[in-house]
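Structural description and commentary
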Amino acid sequence: QVQLMESGGGLVQAGGSLRLSCIASERSLYLIRMGWYRQAPGKERELVADINSGGGTNYADSMKGRATISRNGAENQIYLQMNNLEPEDTGVYSCHFVASFPGRSYQYQYWGPGTQVTVSS
């Protein structure tokens, strides 16, 4: 069973930076789209940023100019660099992969367990 694992969360002061990482346990995956989502207390989960297999990226309006999503295709790993963090960025950040296996057209979705990001004012 494919598992995703995030790392890099923590406590940071407003204005600080964090770099999140997410790696898949299975290297044979063909990654179609990969993204980071976050859920703040009492709020619905929302997209932070995603990247497709061609390298195209998409960012939430609130993160444009402050976040960069990137990938290491060889390692099936993605990163999220966040700068100038604000208390409103606090939440549980989870990675999400849409992927298939070589020779198969069916697309699977995988979620990581999440990593806590807390930004203090």
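This text follows the structure it describes.
Here's what I pulled together on the structure shown here. Sequence positions are assigned chain by chain, starting from 1 and proceeding in written order. Side-chain atom pairs in this predicted model are given and counted only at pLDDT of 80 or more, local residue features only at pLDDT of at least 70, and totals for whole chains, interfaces and linings cover all residues. To get the side-chain values, all heavy atoms of the structure are used, and hydrogens and water are removed first.

**What to know about the overall build of the chain**
What counts here: By the criteria applied, helices consist of DSSP H or I runs no shorter than four residues and strands consist of E runs no shorter than two, each listed in order from the N terminus. Three exposure classes are used, based on accessible area relative to the maximum for each residue type with a 1.4 Å probe and protein chains only: buried under 20%, partly exposed in between, and exposed over 50%. Surface accessibility in these figures is a Shrake-Rupley result with a 1.4 Å probe; residues are shielded only by whichever protein chains are displayed.
When you go through the chain residue by residue, the secondary structure sums to 0 helices and 11 strands. Its helices and strands taken in sequence order, the chain reads β-β-β-β-β-β-β-β-β-β-β from the N to the C terminus. C-alpha atoms of the chain, sized along the principal axes, occupy 50 × 25 × 25 Å. Here the chain holds 121 residues, and the buried ones make up 43% of them. Just so you have it, the chain exposes about 6,500 Å², and 44% of that area is on carbon and sulfur atoms.

**As for the packing of aromatic side chains**
Cut-off, in case you're wondering: Stacked, tilted and edge-to-face are the three classes assigned to paired rings of Phe, Tyr and Trp, where Trp is represented by its six-membered ring and a pair needs centres within 6.5 Å; plane angles under 30 degrees give stacked, over 60 edge-to-face, the rest tilted.
Tallying each qualifying case throughout the model produces 4 aromatic pairs. Taking 4.8 Å as the distance between ring centres and 75° as the angle between the ring planes, the aromatic pair formed by Tyr106 and Tyr108 counts as edge-to-face. Residue classification places Tyr106 among the exposed residues on the basis of a relative accessible area of 55%. Three or more aromatic residues link up through ring pairs in this structure, and these residues are Phe101, Tyr106, Tyr108 and Tyr110.

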